[in-house]
Amino acid sequence: MAETEKSIEEINERIEDGSVRVVTADRMSEIVSELGAEGAAKEVDVVTTGTFGPMCSSGVFINFGHADPPIKMQRVWLNDVEAYTGIAAVDAYLGAAQLSEDKGTEYGGGYVIEDLVAGKPIEIKAIGYGTDCYPRKEIETTITLDDLNQAVMLNPRNAYQRYASATNSTDRALYTYMGTLLPNYRNVNYSGAGTLSPLFNDPDFETIGAGTRIFLCGAKGYVVGMGTQHDPVNSFGTLMVAGNLKEMSVGFLKGATFYGYGVTLYVGLGIPIPVLNEGIAKKTAIRDADIVTEVLDYGVCRRERPVVREVTYEELKSGVIEIEGKEVPTSPLSSFYMAKKVAEELTSKIERGEFFLSQPVERLPGDTVFKPMKEKKGLPLVKDMMIREVKTISERASIAEAAKLIMETQSTHIPVISGDEKLVGIVTAWDISTAVAKRHEGLAEIMTRKVITADLEEPLELVIRKLESYNISALPVTDETKKVIGMVTSDEISKLVGKRKRWQWKLRI
Amino acid sequence: MKLLLRFPSYLHEEPYTAEVILETGAKINIDRANVDAVRGELIIDVPRDNVERVASLFREKGVEVRKLMKLIAWDEARCIHCGACISVCPTSVFKFDTSWNVYLEEEKCIRCEVCVKACPLGALAGVE
């Protein structure tokens, strides 16, 4: 075979003697188109990748050491952020997305991790239940990273191969883990490193596997194995990674807050890909234009969000994409500037002989998919509890007629319909009082025209969210022709909760 | 240049802004307007040549005028140049340079502060 074949040992020898040739992944497509895959495989030994994005599924295992007298920590807080202690006495896992008890989303796990790495003092509070071997019940102290025995970053899901981008069809701004999404498709936010994405440069996991040495937040880290939700079948591969927090640098990790959503950690992660043959060289030549993802509508709060369109990273990175004939500005949430910096830092570490490549001990599975959660009982739907006998009123009716109807039906909300029975507005008892006070005559003058509605098959949980967000107490249920077929009211929901206790926790009212 | 105008409530009835525009002929752009029972607040964008004249005319009428030198505070050391601010800004203040560094064209800012919430790093803040 004419194929160039190199081994990781040969590449490591070149790192040792300083003759290794390393390039960042964004340059490979040019090199391959110039020299061909075979030529590129001869010329380049290592391709460095990098990503720097918000990765909520991150955290740190900590060992505090024993106090005297010792305590078995039942609960522990670092700067008022709780860490998980369901492990041995003074071990804890601090998750990046955990919120501060008193500052809410302004501070949390991600920030504590950053503060630890920055060498800042951290307030520790812990409580225990007291045992013969661990008699102490309370402790309060201040520590820094140096005082801890171990602080090992272990991130269950990092380095998503690609990520769906987000937009919003509704008429109010949404504050999501994909950032601020303006109403009526006014912006698109996306994430992922595109051409620098570690997993897109080795989509078949030929070189990245369990045991692969990586760059993790400025330190050497390792791939533990596949990440949670690893879904390579749909190009949504993920990695579980680990590294020593004590060796990390604050320039490559940052605590952050997504307004209205919560706290996360920006993780800088880079993976060197050994160019063992021309097949690998070819795959590292991937361009932003080759990576396709979807634009999802976050206005629909369901697991399966509607796909607005498909889009390439090249289009997203151009700053504007088209949705329904309009130009919509795009924003990345991960930093390309920092992703490049990660890849460049990894490049120079390899060139300086400080970073050697490793042979994975196990390949990652290539056939797993991301399954939805199995639920035993279905959630109540709108059709299960809506009022079906709904009186409506014509938009041409008078205020007096509406007042009469409200009195007769004892309902506080009356849907207003047009001549062809389509929903055009809603009036409340309050509107009628205002109309009388201000001497209005016709219903059309005072009705609310922008009506929030529900669908028959919509989970009640989402209707409750609508009632809360719009501060309303009832909404009409309409069919696809905008005909009113029912009504959901907060009164009915309260009654239902009274009757069926098991729904109570889900409904939160 | 941006001017912040504060109208005491007793000035509400008079069309002062229109008067100033007619008197100076300045092409004034109203960036933001906040009017309630207690006072009115406008942020206006005035062409450089007219700034002094416009400011003194408003002052003569009893309107408090402040020149806004700083429109948004950007903590560059905290910024990771992700660009989350770019798509939410109604006046395209934030841009990427060719190496994906975010830079600001601050003079376009209308102080809506949507970017303050959108910045995950807390690197943007409103200024008083």
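Fair warning: this is a prediction, and the values are worked out from it, not measured in the lab.

A. Spotlight on the sheet that holds strand β31 (residues 423-428) of chain A. Residue and element names in this part refer to chain A. Pairing within the open sheet is mixed, and its three strands lie in the order β29-β30-β31. Unpaired on one side and paired on the other, β29 (393-394) and β31 mark the two borders of the sheet. Strand direction decides the pairing type here: β29 and strand β30 (residues 413-417), joined by two bridges, are parallel. Considered in β30, the bridge of Ile-393 is made with Val-416.

B. Structural detail: the pairing of strand β27 (residues 326-332) of chain A. All names here are of chain A. Pairing of strand β16 (residues 188-190) with β27 involves three bridges; the strand directions are parallel. What sits directly across from Val-188, in β27, is Thr-330. The pairing of strand β26 (residues 320-323) with β27 spans four bridges and is antiparallel. If you follow Ile-323 over to β27, its bridge partner there is Lys-326. Two successive antiparallel strands, β26 and β27, enclose a turn made up of two residues, where Glu-324 displays a positive phi of approximately 50 degrees.

C. Quick look at the interface of chain B and chain A. The interface of chain B with chain A comprises 17 residues on the first partner and 24 residues on the second. Considering only residue class, the side of chain B that touches chain A consists of ten nonpolar, six polar and one charged.

D. Broad picture of the pairing of strand β2 (residues 29-35) of chain B. Here β2(B) runs beside strand β3 (residues 39-45) of chain B; their pairing, made up of six bridges, is antiparallel. If you follow B:Ile30 over to β3(B), its bridge partner there is B:Ile44.

E. Region of the structure containing the domain arrangement of chain B. One can read the domain layout of chain B as domain 1 (2-68) and domain 2 (72-126). A separation of 27 Å is found between the C-alpha centroids of domain 1 of chain B and domain 2 of chain B.

F. Summary view of the sheet that holds strand β4 (residues 64-68) of chain B. Residue and element names in this part refer to chain B. One open sheet holds the four strands; their spatial order is β2-β3-β1-β4, and the pairing between them is antiparallel. Among the strands making up the open sheet, the edge pair consists of β2 and β4. Between one strand and the next, the sheet's axes are offset by a mean angle of 15 degrees, whatever the strand orientation. With seven bridges connecting them, strand β1 (residues 2-8) and β3 associate as antiparallel partners. Of the residues in β3, the one forming a bridge with Phe-7 is Gly-40.

G. Examining the environment of B:Arg111 more closely. Structurally, B:Arg111 can be placed in the loop between β7 (102-104) and α3 (114-118). Measuring from C-alpha to C-alpha, the distance between B:Arg111 and B:Phe96 comes to 20 Å, with 15 residues separating the pair along the chain.

H. Fine view of the packing of helix α1 (residues 16-24) of chain B against helix α2 (residues 51-60) of chain B. Residues and elements named next belong to chain B. At a closest axis distance of 10 Å, the pairing of α1 and α2 adopts a crossing angle of 140 degrees. Judged by the angle between their axes, α1 and α2 are oblique. Between α1 and α2 lies a crossing of right-handed hand. Mapping the contact onto sequence places Tyr-16, Val-20, Glu-23 and Thr-24 in α1 and Arg-53, Val-54, Leu-57 and Phe-58 in α2. Residues that form the contact of α1 with α2 fall into these classes: five nonpolar, one polar and two charged.

Calculation criteria
Residues numbered from 1 in each chain as written. Chains lettered and ligands numbered in written order. Predicted model: local features only at pLDDT ≥ 70, side-chain atom pairs only at ≥ 80, totals over all residues. Pairing = 2+ DSSP bridges. Helix = DSSP H or I, 4+ residues; strand = E, 2+ residues; numbered from the N terminus. Contact = placed C-beta atoms within 7 Å. Nonpolar A, V, L, I, M, F, W, Y, C, P; charged D, E, K, R; others polar. Domains from an automatic or database assignment. Axes fitted to C-alpha atoms, helices over the stretch in contact; angles between N-to-C directions. Parallel < 35°, antiparallel > 145°, perpendicular 65-115°, else oblique. Left-handed = near helix turned anticlockwise from the far one by under 90°.

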